[in-house]
Amino acid sequence: MSEKSREFWRWREYRYTMPDMDWHDTKVVTAGVDIGSVGSKAVVMLDGELYSFAAMRTGGESEETAIKVMNWALEETELKTENVPYVVGTGYGRVNVPFAKRTITEIACHARGAHYIYGPTVRTVLDIGGQDCKAIRCDEKGKVMSFLMNDKCAAGTGRGLEVFADLIRVPIEELGKTSLDVEDEPPPVSNTCVIFAKAESLALLRQGLSREKVAAAYHLAMVNRIIDLLTRVGIEKDFVVTGGVAKNTGIVSRLERNLGIKPLEPKLDPILAGAMGAALFAKALYEKEIGLR
Amino acid sequence: MQAHYGYKDGSGDYFIIIDTDKCNGCGKCVNACPYGVLELIEDEFDIEGGLMAAVTEEQRKKIKYSCGPCKPVSGERRLPCVLACEPKAITHSW
């Protein structure tokens, strides 16, 4: 593809199966499908342990995407969707998962998933998704104590970063690193709207600021907005970041710097937190259904 | 659980906060609200279920305007939803 038409916002879709696990000798196979506004994730669990997963972009057809992402997660496993007795759907498109037995709000799933990924010490979960930002406080069991979701505006979300990546022509995966390549932090751009933030960034570029500096200004604006939301629910250690934007070092390290709290390092891919939570709920619901507990 | 429904925009913070531990699912706030901001939903956070009050999906992005008529700029403020709630589970952030 020519440099001119390259899609800087496009992130890599991927799948993985744990190599040394076998579904033949497990009691409970469950799955969670998280149809987000930008990315769709499917996770298959064997007795509550992560077995295989897939992450891809959500297309216009949520139902089709749900089937596709589930099939992709199962691709190398010889399992079929109909072999998974309990699937829970979550995320924006949760009602569009045709094979899901039940839907659960993504807030409960993210808390549960973060609890699984990072351990029971997690108290504050910040999920920065494609089109919204959620701040969640939870207890030692992963139960939600307080939550706040901001989905009125794309500022402070992954989609905003995609737009920005395209503007300064830096691949989305390298955007965070680029934004950290500055000696001192420039003042932030406007943080209430992606369109305004983009326009301001463009103005800064025209003034001759380096793209690293403009990236820093944009990231800082996002972080300021996210911190505003976090302070409303309150921040308590341990603090973790989930969702696609958790992979952006520019956002995570600025959160750490401005909050004075270091987020825990993820053991597993943080983009999967919602789907993992859904798969864990599926396990609990299935065990209840067949009378295992 | 403290459920925050609403948003923050350039003009301020607009959140209706419902304490679901206090909410008994009676639905009096739903009837009290003259603008249909509230509804009763299934408690998805608890596998055991039960009903709880919430701001409707449709209203979550415009409560600044929907709640406006109940909030006089001067004089005593009497919010029908807050007054109707016996367990005092509802608060407004603005």
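Everything numeric in this text was worked out from a predicted model, so none of it was measured.

Calculation notes
Residues numbered from 1 in each chain as written. Chains lettered and ligands numbered in written order. Predicted model: local features only at pLDDT ≥ 70, side-chain atom pairs only at ≥ 80, totals over all residues. Heavy atoms only, no water. Helix = DSSP H or I, 4+ residues; strand = E, 2+ residues; numbered from the N terminus. Rg over C-alpha atoms; globule rule 2.2 N^0.38 Å. Contact = heavy atoms within 4.5 Å. Areas by Shrake-Rupley, 256 points an atom, 1.4 Å probe, with all protein chains shown as cover. Lys, Arg positive; Asp, Glu negative; His and termini not counted. Charge placed at Lys NZ, Arg CZ, Asp CG, Glu CD. Core = buried A, V, L, I, M, F, W, Y, C linked by side-chain atoms within 4.5 Å. Buried < 20%, exposed > 50% of the residue type's maximum accessible area, 1.4 Å probe, protein only. Domains from an automatic or database assignment. Phe/Tyr/Trp six-rings, centres within 6.5 Å; stacked < 30°, edge-to-face > 60°. Lys NZ or Arg CZ within 6 Å of the ring centre and 35° of its normal. Buried area = accessible area lost by both parts, 1.4 Å probe. Salt bridge = Lys/Arg side-chain N within 4 Å of Asp/Glu carboxyl O. Polar contact = N/O pair within 3.5 Å; in protein donor to acceptor, adjacent residues only side chain to side chain. Expected span 1.5 Å × (residues − 1). 1 Å grid on protein atoms, 1.4 Å probe; cavity = no way out; pocket = protein on both sides within 12 Å on 5 of 7 lines; lining within 4 Å. Points joined across faces, edges and corners; volume = space filled by probe spheres on them. Nonpolar A, V, L, I, M, F, W, Y, C, P; charged D, E, K, R; others polar. Disulfide = S-S within 2.5 Å.

## Some points on the overall build of chain B
- Regarding its fold elements, chain B presents three helices and five strands.
- The linear arrangement of helices and strands in chain B, starting from the amino end, is β-β-α-β-β-α-α-β.
- Relative to a compact globule of 94 residues, whose C-alpha radius of gyration would be 12 Å, chain B shows 13 Å and is just as compact.
- By its C-alpha atoms, chain B is 45 × 30 × 20 Å across when sized along the principal axes.
- Across chain B, the fraction of contacts at a sequence separation of at least 24, relative to all contacts at a separation of at least 6, is 49%.
- Accessible area of chain B: about 4800 Å², with a carbon and sulfur share of 50%.
- Between the mean site of the 11 positive side-chain charges and the mean site of the 14 negative ones, chain B shows a separation of 11 Å.

## A few points about the nonpolar core
- Formed by 62 residues in total, the largest nonpolar core has its most connected members in A:Val43, A:Phe147 and B:Leu38.
- Sort the elements by how many residues they give to this core and helix 8 (residues 273-289) of chain A lands first, with ten residues.
- Counting contributing residues per domain, this core is built from domain 1 (14-112 + 272-289) and domain 2 (124-263) of chain A, each supplying no fewer than three.
- Ranked by size, the runner-up nonpolar core spans 43 residues in total, among them A:Leu204, A:Met222, A:Leu230 and A:Leu255.

## A short note on the environment of A:Val97
- Tracing the backbone through its elements, the reader meets A:Val97 in the loop between strand 5 (86-90) and strand 6 (102-103).
- C-alpha separation for the pair A:Val97 and A:Glu76, spaced 21 residues apart in sequence, amounts to 21 Å.

## Quick word on the packing of aromatic side chains
- In this structure the tally under the stated criterion is seven aromatic pairs over all chains.
- Measuring from ring centre to ring centre gives 4.2 Å for A:Phe164 and A:Tyr218, while their planes differ by 15°; the resulting arrangement is stacked. With A:Phe164 in helix 3 (residues 158-168) and A:Tyr218 in helix 6 (residues 211-233), this pair connects stretches of sequence that are 54 residues apart. There is no split in this pair, since A:Phe164 and A:Tyr218 are both buried.
- Following the ring pairs from residue to residue traces out a cluster consisting of A:Tyr14, A:Tyr16 and A:Phe53.
- Stacked on the ring of B:Trp94, the Lys or Arg B:Lys71 has its end atom at 3.5 Å from the ring centre.

## Structural notes on the interface of chain B and chain A
- At the interface, 18 residues of chain B touch 26 residues of chain A.
- Both sides together, the interface formed by chain B and chain A hides about 2100 Å², and carbon and sulfur atoms give 56% of it.
- Scanning the region where chain B abuts chain A turns up two salt bridges.
- Across the salt bridge formed by A:Arg232 and B:Asp13, the nearest N and O atoms sit 3.1 Å from each other.

## So, the pattern of salt bridges
- Per the stated rule, a full pass over the model turns up 22 salt bridges over all chains.
- Of the charged contacts, one joins A:Arg137 and A:Glu236 as a salt bridge, the two residues approaching to 2.8 Å between their closest N and O atoms. In this pair, A:Arg137 sits in strand 8 (residues 133-138) while A:Glu236 sits in the loop between helix 6 and strand 10 (239-242), placing the two residues 99 residues apart along the sequence.
- Taking the relative accessible area as the measure of exposure, A:Glu236 reaches 35% and is therefore partly exposed.
- B:Lys62 serves as the salt-bridge partner of B:Glu58, at 3.4 Å between the closest nitrogen and oxygen.
- Overall, the relative accessible area of 33% leaves B:Lys62 in the partly exposed class.
- Here the salt bridges share partners, and the residues they tie into one network are A:Asp228, A:Arg232, B:Lys8 and B:Asp13.

## As for the domain arrangement of chain A
Residues and elements named next belong to chain A.
- For chain A, the domain assignment lists domain 1 (14-112 + 272-289) and domain 2 (124-263).
- Distance between the C-alpha centres of domain 1 and domain 2: 27 Å.
- Across the boundary between the two partners, domain 1 contributes twelve residues, which contact 17 residues of domain 2.
- Buried area between domain 1 and domain 2, summed over both chains or domains, comes out near 1200 Å², and the portion from carbon and sulfur atoms is 62%.
- Our count for the contact surface shared by domain 1 and domain 2 stands at one salt bridge.
- Between arginine 57 and glutamate 162 there is a salt bridge, with the nearest N and O atoms lying 3.2 Å from each other.
- In this assembly, domain 1 and domain 2 are joined by six residue pairs in polar contact (both at pLDDT 80 or more).

## Considering helix 8 of chain A
All names here are of chain A.
- If you check helix 8, its first and last C-alpha atoms are 24 Å apart, about what 17 residues at 1.5 Å a residue would give, namely 24 Å.
- Of all 17 residues making up helix 8, 14 are buried, and the element is well covered by its neighbours.
- Trailing helix 8 by a residue or two, glycine 291 shows a phi angle of about 80°, which is positive.

## As for empty space enclosed by the protein
- With the rule as written, the count across this model stands at four cavities of 30 Å³ or more.
- The space that makes up the largest cavity amounts to roughly 110 Å³.
- Residue classes in the lining of the largest cavity are distributed as eleven nonpolar, two polar and no charged.
- Put simply, the second largest cavity is a space of about 70 Å³.

## Looking at the state of the cysteines
Residue and element names in this part refer to chain B.
- Counted under the stated rule, the structure contains zero disulfides over all chains.
- Sulfur of cysteine 23: no disulfide; nearest cysteine sulfur belongs to cysteine 29 and is 6.4 Å away.
- Overall, cysteine 23 belongs to the buried group, its relative accessible area being 15%.
- In this structure cysteine 70 is a free cysteine whose sulfur lies 6.4 Å from that of cysteine 33, the closest cysteine sulfur available.

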